[in-house]
Structure formats: C-alpha cells, structure tokens
Amino acid sequence: MMSSTSLFTTPPPPHTTTNRLPPPNKLAVIISNSKSIGQLLKIHAALYRQNLHNDPLLNFHLLRAYSFLNRLNYSITLFNQTHNKNIFLYTAIIHCHAQHNYYEQALLYYSHMLTDNIEPNAFSFSSVLKSCPLKPGRALHSQTIKFDLDKDLYVRTSLVDVYARGGDVSSAKKLFETMPQRSLVSLTTMMTCYAKHGELVAARVLFDEMEQKDVVCWNVMIDGYVQQGLPNEALVLFRRMLAEKVRPNEVTLVAVLSACGQIGALETGRWVHSYIENTGIKINVQVATSLIDMYSKCGSLEDSRLVFDRVNDKDVIAWNSMIVGYAMHGFSKDALRLFNEMCRVGLKPTDVTFIGILNACAHAGLVDEGWGFFNSMREEYAIVPKVEHYGCMVDILSRAGKLEEAYELVTNMEIEPDLVVWGSLLGACRLHGNAQLGEKIAEYLVSQKLANSGTYILLSNIFAAKGDWNAVARVRTLMKENGVQKEPGCSSIEVNNKVHEFLAGDLRHPNSKEIYMMLEEINGWLKVQNYIPGRT
DNA sequence: ATAGGGTTAG
C-alpha cells in the first residue's frame, strides 16, 4: 500500500513543536483504545515528531491497533521497519494474521521467529494455533512438546480447538481429558467440539458438570441444539438460562430466533423480539437478520419487512433473508424488486441471493428471466452455480412443462445432481403425467442406489395417475424387496406457546378426533371449490 | 513495561 509506506518512510519533521505528549505508558493505553484510523494516524504522526517512532512498546501497541482497525498492511509495514524484533512484536504480528484468518502468513512469521533465534513461548503458540488447520496444527503440536509448553492451559486449549476444528474429535478428546487443569474456556472448547460433530449428549454432559457457566457456554449448548435441528431443546434451555438470571447476548438471541423459525413458533418469536426491545439489547445486523428470518419462516412477512426497514447498515445477508422470505411465500415481484434495489445500493449478490430470485422466478413462471439470472451468475458475478441453483432451474422448467429441457440440464450438469434435483424432476413427471421419463429417472436412481422412499412413492404416484395399477404393484413389491419404508409426513404448529407435532395417520394427540373432523370439513370446502389434490 | 484460549445470521 502506497500510503502506508510513504507514511512510515517520510523522515520526521524538524522539531518545531514543543507539544508535550503523555508518558509512554499512558500513550500505550491511548493507542490501544483508538477507535478510528484517523485518530491512530494522528498519534503515530505525533510520535514521529517527538522521535518516539522507534519505541518498542509503543510500536507493539501501534501494530495491534492497526490490525484491530483492519489496517493489517500498516501493521506489516511497521513490523518490517522494526529492527531487533522482540518476542512481543513477533507474537503480535502472528496474532494479527491469525485473527484475520491468514493462517499461512501466521505460520510464516512463526518460522521467521525461529530463524531469528527467538524461542517461542506459550503466547506465541496460542496465537499461531488460532485458525490453524489440522495438518500444520499437528506439526505445531509437536513443537509445543519440544518446547515443553504442551501442558500450558492456554496452549492445550488451543490444541484441543485445532483438533476439534479439524474434525479429529478423538484427538481433541484425548488432549482435553489429559489436561493438567481445566477451565471454563477449555470446557467450552470441548463442548463446541462435541456439539459441532452432532454429539449433543456428550456436550450436555460437560455442560451439566460445569460449576460456573457464562453466557458463551450457554450459547454453545443452545446453538448446538439449534444446529442439530432440536429447536425445542434449545428453547427449553433458553428458558432455564433466563430463570438462572444469565443475561443473553446477541449470539444467544440469534440462536433462539433460529429455533423459533425452525418450529414456526411465532408467539415465542414475538416474545423474544419484545424481550430484546425491553431489555435494551442492541439489535445489530445479525440479530435483525435473525428476526427477519424468524418472522418470514413463521409466515409473518409484514413483521419481517418492518424489521428490515429499520436496519441501518444492511449487509447482503440481511437483504438475502428478506428476498428469500418473499420468494418462499410466492411474493415474486417483491423479491425481484428488492433484488434490483439491493444491486442499486451497490451490494453484490451472493449464491443465496440467487436461490431467492430463482425461486421467485419458479413461483411466477418466469422461464426466460430464470435463465437470464442463472446465466448472469457466472457471467456477471463469477458465482459458480451450486446444486441448489440447478434445482431451482429444474423447478422453473418443470413447472412450465419443459420436462425434456429440465432433464437435459440435469444430465449435463458439471456437478453431481442430488436427490432433491432428481426428486423435483420426478415430481414434475407426475404433475405432467410423463410416466416414460419418470420411469427412466427412477430406474436410474434405483440402479445407482440413490433412491429413497420418496423416489418410490413418486414413481408409484406417476403410475397411479395413469391408472397403471400393475405398475403400481410392481413398485410396491420393489419397495418391499429393497426394504424401503415410507417415512411418515410430519408437521408442527404452535398454539398458545405450545408446539404440537403431527405425523401422518397419527392418532396420539389428545384432540385427534376433533382434528380429523376438522380435516374432513376442510376437505369438504376444497371439494366445493373444485380443488383437485396433486395439482399445484 | 508489553500478550494468549471458547459462542453469531441464509
């Protein structure tokens, strides 16, 4: 960066000013508390004028402050211009790079430090291990043993984290269990490891054993349930957290709102929203996005939009949530209008944006526009379409009855089509009564062992729609032979803060008699309105 | 004199 180089290489001006600066220890505090780059540069300039620009302590703080204000280039320049770098400066530059996820640079500075004959300490290791992937992490692990630092609480915690992030759960566990001492953070690290790998029970055991719990470990446990699709457990834990007077933060709320969205718990979601407003927790862009997503998943787009309009610094994810929300509910025009607006304010769409607008095109039957957006992904935005985007295109073409074109697209994809793509095409075959193509696809899926119960059901429905009952029977036999069982359909609804779950054919609900009577009544209304099941 | 570890949105 030109500006950074010239800034540091310009010789200090002659001492014309006699402005007194605070003593170095005060200056260090001022530097590390700098809130803007302009302020920091002013201080740095003053240091030049006072000939204090070679002070190791102040340069250490300057280096960290520049990185903190996202000016890593200034940190690097400062580092390079310092002679006789000490371990503090090395550790600081390693830490800055690790913080910005430049783990390769961090490792490079680590090895420079060794060739510079500076022996790493525990601080160096905990810095370089942050954001380090598994392979170099293993090498660093042996280095920690070599320097006899592998039992240090901080170093060991970082090592557990490295193995955890790298997916080597058993190594993480071994290192954790042989730790000379545990801490709240090391326990949370291990809990995170278990939660991320679906071992919720193991995570919960640690959680329940913890003597003191802070907001972070509550968050890990709650979000663990959310990520594993156990929103009810997450909400139960959230209520316990409130009962135990632990104050939730933004991270907690993001997880809890996601749980509400998963079960469609609108009332609980609204309660969380008012809790946020009443307790004065800051609605940052992440929380706002979670609110938008929650309201949209719970079917209240009006509330989504109210939140959306009140967010000041909307990022692309916030826009995506609103666009996807409109698209999901069939408000195609609103989705596309919002997309144009987003581009106008200068935000670059992401792959998720395109899932939204392609979905909007599918709902509105916009085939040409769909192709246009699909092609623009690559051509204008350099986004490689994922299997989901192909799925949307298949949906667009299928709904328009262009089954052969859709089939053509799927067979020519440069990535493997998944069952969702095929399923969407199979569904279209049923809808448009194309048994021939449907059979071809199903045969292929069965032969490739890709078929699930849905594949068989769709195929069977295709034949049933044609009245080919022999073929239906053949499919049923095939299902039995391959041991395929139909998984019952499932849905849930929240009434008076209680979530009720329903399985197809389930009679266990205390009010199941009334529920089925109501269903009969609705079916009657539909019949009167000439609704034909299976036609969407 | 100076520093380090764990949790966020589709």
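Residues numbered from 1 in each chain as written. Chains lettered and ligands numbered in written order. Predicted model: local features only at pLDDT ≥ 70, side-chain atom pairs only at ≥ 80, totals over all residues. Heavy atoms only, no water.

Novice: What is the right way to read the packing of aromatic side chains from this model?
Specialist: Here a ring pair, both rings aromatic, is described through the centre-centre distance and the interplanar angle of the planes. Applying the stated rule across the entire model yields 17 aromatic pairs. Arranged with centres 5.7 Å apart and planes meeting at 50°, the rings of Tyr-110 and Phe-125 form a pair that is tilted. Of this pair, Tyr-110 sits in helix H7 (residues 103–115) while Phe-125 sits in helix H8 (residues 122–129), and the two are 15 residues apart along the sequence. Residues Trp-371 and Phe-374 carry aromatic rings whose centres are separated by 5.9 Å and whose planes lie at 80° to one another, so their mutual orientation is edge-to-face. (Phe/Tyr/Trp six-rings, centres within 6.5 Å; stacked < 30°, edge-to-face > 60°. Helix = DSSP H or I, 4+ residues; strand = E, 2+ residues; numbered from the N terminus.)

Novice: Honestly, the confidence of the model for chain A in this entry has me stumped. Any pointers?
Specialist: Close inspection of predicted coordinates is inappropriate in any region flagged by low pLDDT. Of all residues in chain A, 92% have pLDDT values of 70 or greater, and the mean over the chain is 90. Of all secondary-structure elements in chain A, the lowest mean pLDDT belongs to helix H1 (residues 2–9), at 46, while helix H10 (residues 153–165) reaches the highest, 98. Counting interchain partners and residues more than four positions distant, the pLDDT-below-50 stretch residues 1–6 has 5 contacts. (pLDDT = per-residue confidence, 0-100. Contact = heavy atoms within 4.5 Å.)

Novice: What should I look at first to understand the protein's contact with DNA strand B in this one?
Specialist: Taken together, 41 residues sit near DNA strand B, with Leu-57, Asp-152, Ser-183, Asn-219 and Val-352 positioned nearest. At the protein interface, 36% of the atoms of DNA strand B within 4 Å belong to sugar or phosphate. Side-chain polar atom of His-95 to a phosphate oxygen of DNA strand B: 3.2 Å apart, as the coordinates give it. Within the side chain of Asn-121, one N or O atom sits 2.9 Å away from a base nitrogen of DNA strand B. (Near = heavy atom within 4 Å. Polar contact = N/O pair within 3.5 Å; in protein donor to acceptor, adjacent residues only side chain to side chain.)

Novice: I'm lost on the environment of His-100 in this one. Help?
Specialist: Counting through the fold element by element, His-100 comes out in the loop between helix H6 (87–99) and H7. Overall, His-100 belongs to the partly exposed group, its relative accessible area being 24%. Ignoring any residue separated from it by four or fewer positions in sequence, one finds His-100 in contact with Ser-67, Asn-70 and Leu-72. Side-chain polar atoms of His-100 contact the backbone oxygen of Ser-67, separated by 3.5 Å. (Buried < 20%, exposed > 50% of the residue type's maximum accessible area, 1.4 Å probe, protein only.)

Novice: Whenever I open this one, the layout of surface pockets confuses me. Can you help?
Specialist: Any empty space left between the atoms is revealed when a probe the size of a water molecule rolls over them. In this structure, the largest pocket encloses a volume near 640 Å³. Forming the boundary of the largest pocket are 24 residues, of which Phe-123, Ser-126, Ser-127, Tyr-154 and Ser-158 lie nearest the centre. Breaking the lining of the largest pocket down by element, the ones donating at least two residues are helix H4 (56–68), H6, H8, H10 and helix H12 (184–196). By volume, the second largest pocket amounts to about 290 Å³. (1 Å grid on protein atoms, 1.4 Å probe; cavity = no way out; pocket = protein on both sides within 12 Å on 5 of 7 lines; lining within 4 Å. Points joined across faces, edges and corners; volume = space filled by probe spheres on them.)

Novice: Honestly, a nonpolar patch on the surface in this entry has me stumped. Any pointers?
Specialist: A contiguous nonpolar surface patch, about 630 Å² in accessible area, is contributed by Leu-507, Tyr-516, Met-518, Leu-519, Ile-522, Trp-525 and Leu-526. Summarising the element assignment, Trp-525 is placed in helix H30 (residues 512–528). For Trp-525, a relative accessible area of 48% corresponds to the partly exposed category. (Patch = residues over 30% accessible without salt bridge, like charges linked within 9 Å, V, L, I, M, F, W, Y side chains within 5 Å. Areas by Shrake-Rupley, 256 points an atom, 1.4 Å probe, with all protein chains shown as cover. Salt bridge = Lys/Arg side-chain N within 4 Å of Asp/Glu carboxyl O.)

Novice: What is the right way to read H6 from this model?
Specialist: Taking 1.5 Å per residue as the helical rise, H6 with its 13 residues ought to reach 18 Å, and the 18 Å between its terminal C-alpha atoms agrees with that figure. Three or more residues of H6 are buried, namely Ile-87, Leu-89, Tyr-90, Thr-91, Ala-92, Ile-93, Ile-94, Cys-96, His-97 and Ala-98. The secondary structure elements touched by the buried residues of H6 are H4, helix H5 (72–81), H7 and H8. Taking the backbone nitrogen of Phe-88 as reference, a side-chain oxygen 3.2 Å away marks Asn-86 as the first, capping residue of H6. Just beyond H6, the residue with positive phi is Asn-101, at close to 70°. (Expected span 1.5 Å × (residues − 1).)

Novice: Help me out: how do you make sense of the packing of helix H24 (residues 387–399) against helix H25 (residues 403–411) in this one?
Specialist: How two helices sit against one another is set out by the angle between their axes and by the gap between those axes. Contact pair H24 / H25: the axes reach a minimum separation of 8 Å and the direction vectors enclose 165°. With respect to their mutual orientation, H24 and H25 come out roughly antiparallel. Read as a crossing pair, H24 and H25 show a hand that is right-handed. Between H24 and H25, the residues in contact are Tyr-390, Met-393, Val-394, Leu-397 and Ser-398 and Leu-403, Glu-405, Ala-406, Leu-409 and Val-410, respectively. Of the residues that constitute the contact of H24 with H25, the class distribution is 8 nonpolar, 1 polar and 1 charged. (Axes fitted to C-alpha atoms, helices over the stretch in contact; angles between N-to-C directions. Parallel < 35°, antiparallel > 145°, perpendicular 65-115°, else oblique. Left-handed = near helix turned anticlockwise from the far one by under 90°. Nonpolar A, V, L, I, M, F, W, Y, C, P; charged D, E, K, R; others polar.)

Novice: Would you explain the environment of Asn-452 in this entry?
Specialist: Its location among the elements puts Asn-452 in the loop between helix H27 (435–447) and helix H28 (453–466). The sequence separation of Asn-452 and Val-484 amounts to 32 residues, and the corresponding C-alpha distance is 7.3 Å. Setting aside chain neighbours within four positions, we find Asn-452 in contact with Leu-419 and Val-484.

Novice: What exactly am I supposed to notice about the nonpolar core here?
Specialist: The nonpolar side chains of soluble globular proteins are, as a tendency, buried together. Counting residues in hydrophobic clusters, the biggest one holds 147 residues, and the most contacted among them are Phe-125, Leu-425 and Ile-441. It is H6 that provides the largest number of residues to this core, a total of 8 residues. Dropping the residues within four chain positions of it, Ile-441 is found in contact with Tyr-407, Trp-422, Leu-425, Leu-426 and Cys-429. (Core = buried A, V, L, I, M, F, W, Y, C linked by side-chain atoms within 4.5 Å.)

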